[in-house]
Amino acid sequence: MIELHNVAYSYGGGELFNDISLKLAPGSFHFLTGPSGVGKSTFLKLCYMELAATSGQVRVFGADASQMTRDDIARNRRRIGVVHQDCKFLDHLPLAANVALPLTVAGRDASAEAANLTELLNWVGLSQHTDALPPQLSGGERQRAALARAVIMSPDVILADEPTGNVDWEMSQRLLSLLVELNRMGKTIMVATHDLALIRAAKAQVGARVLRIQNQSVQLAGADL
Amino acid sequence: MNQAIVALRALFVGDVHADRVVPPTGYTAWLTLFVSGAMAFLAVFSLALSLATGRLADRWSSELARSSTLRISAPSGQMAAQTQAALEVLRTTPGVASARALDEAEQRALLEPWFGPDLPVDSLPIPQLIEVIEDSDGFDAEGLRQRLAGEAPGAVLDDHTRWRTPLVKAADRLRLLGVISIILIAATTAAMITLAANAALAANLQVIRVLRLVGARDVYIARAFVRRFTLRALVGAGVGTVLAMIAVAILPDAQAAGGFLTGLGFQGVHWLLPLLIPPLAAIVSFWATRTAALRTLGGMT
């Protein structure tokens, strides 16, 4: 799905990653952890091509990201669902239209998939809020809406950046079970989080691997978690 | 060709969903409409000015070709001899294409507007007129006057071309100014639409980021902006053009006032020319917004 070969990333302030090699196999469930500011979000951005590696190669669905045109990137993003830490929506459109947005921009007829949309909103527990505008939603509702938007295209990969950052424990459990369910449907999942309790809870449900960002590199954490 | 039709259709019919992804923009929409309307209004007047001065220059230029007149005032006995002598001088003057003495009927026709049809021309000592047509090089008026003074002392050369030439030059210059004004108006429209589009793009950066994140292609995002600005420019320029054409149509007609004054209006098929302004404004706006949108998008990932 997504492969990194000797990837380095540096910005004005210095080097963030150095020589990372990693392969996200289809159907795998990964956690990405590490202290805040260590580069979890940046790592995910490399994966969904918002940032380009300074050196090395990022391959997404078998193609070299640095060789892709902007339109290629757009098309590949339709196969990657992203849940952001601070979920951004189109604030002037109701929730249902926001969740269906990936369909709309892909040129697919959202009304033809209305049944899917209803089912999806039920699944994330937002069927009562289809006409609400995003600013009217609570943090947890926004996180779930973002997850619904990330999966409506039935993507192969779901990347979630601190999806439980703004919600209480109970809600984070619900979000986690949604992600686990998606993984069981065969989706490749990567969740960046610093919440170790969440990771422990997940390990009880699914064979998740934990990646830790340390010393500008990504290492597979031991079974001690 | 088919693709162009599809693109045009998409532009005018639009995609309801694509339109909704960018929030409505309130007052910038009105500003764009106003700017395109005002610019179209000015463009119509510049066009009218160019066409009117063009007509003026053409008329004066065409009169240049047969513009000199030789007037011979002599006692009736010498008239024929002096006319012959003057014609001979003219025939041998370099720069004179042809010279012809007006016959009695022509002279009477010239005088008729002033004295009426019953003027007994025969009994009056009216001067003999000789029409002189210059070739493209023109002749040396001063030299001709001196030679005529010797051969036909009653001849007076009236070369009105000499004061018409600067007028034609002025009219040509005015036409050029009109054309430059139209170009400047188009460029100003492009600049203002670009500023408005950039403002709209900047105000919608979050929208654009979200659209990119969920897999929207650049053209999809750009189209939502381009369509709006193009339609606004088209409508605004349409209204401005119609108002300006009405204003030009009700200008008082200067045609009757003088031989070489011409009304600052459109004549005949020229009335169709201002109708090109709204589509041109739309094209300028399309291009300006598209460039601005793709530039903004190019800076994002």
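- Under an unreviewed UniProt entry, the name given to chain B is Cell division protein FtsX, and the source organism is Pseudohalocynthiibacter aestuariivivens.

- Per an unreviewed UniProt entry, chain A is named Cell division ATP-binding protein FtsE, and its organism is Pseudohalocynthiibacter aestuariivivens.

**A look at the domain arrangement of chain A**
All names here are of chain A.
- For chain A, the assigned domains read domain 1 (1-79 + 155-225) and domain 2 (87-154).
- For domain 1 and domain 2, the distance between their C-alpha centres works out to 23 Å.
- A combined buried area of about 1300 Å² lies between domain 1 and domain 2, and 65% of that area is made up of carbon and sulfur atoms.
- In terms of surface lost to domain 2, no three residues of domain 1 exceed Arg78, Pro155 and Leu178, which account for 40% of the buried area on that side.
- Between domain 1 and domain 2 we count zero salt bridges in total.
- In this assembly, domain 1 and domain 2 are joined by three residue pairs in polar contact (both at pLDDT 80 or more).
- When residues of the side of domain 1 that touches domain 2 are assigned to their parent elements, the largest contribution, seven residues, is made by helix α7 (residues 169-184).

**Considerations on the UniProt feature "transmembrane region" (unreviewed entry) in chain B**
Residue and element names in this part refer to chain B.
- Within this structure's numbering, the places UniProt gives as "transmembrane region" (unreviewed entry) are residues 28-52, 176-201, 233-251 and 271-289.
- The span residues 233-251 shows a helical share of 89% and a strand share of 0%, and its end C-alpha atoms are spaced 27 Å apart.
- From the first C-alpha to the last, residues 271-289 spans 30 Å; its make-up is 68% helix and 0% strand.

**Here's the deal with the interface of chain B and chain A**
- Across the contact, 22 residues belong to chain B and 25 residues belong to chain A.
- When chain B packs against chain A, close to 2100 Å² is buried across both sides, 57% of that on carbon and sulfur atoms.
- Linking chain B with chain A are two salt bridges, by the criterion used here.
- For the pair chain B and chain A, the interface holds eight residue pairs in polar contact (both at pLDDT 80 or more).
- Listed by contribution, the elements that provide at least two residues to the side of chain B that touches chain A are α2 (16-20), α8 (205-213), α9 (218-249) and α10 (277-298) of chain B.
- Split into classes, the residues belonging to the side of chain B that touches chain A amount to 13 nonpolar, five polar and four charged.

Rules behind the numbers
Residues numbered from 1 in each chain as written. Chains lettered and ligands numbered in written order. Predicted model: local features only at pLDDT ≥ 70, side-chain atom pairs only at ≥ 80, totals over all residues. Heavy atoms only, no water. Domains from an automatic or database assignment. Buried area = accessible area lost by both parts, 1.4 Å probe. Salt bridge = Lys/Arg side-chain N within 4 Å of Asp/Glu carboxyl O. Polar contact = N/O pair within 3.5 Å; in protein donor to acceptor, adjacent residues only side chain to side chain. Helix = DSSP H or I, 4+ residues; strand = E, 2+ residues; numbered from the N terminus. UniProt positions renumbered as here; feature names shortened; annotations may be inferred. Contact = heavy atoms within 4.5 Å. Nonpolar A, V, L, I, M, F, W, Y, C, P; charged D, E, K, R; others polar.

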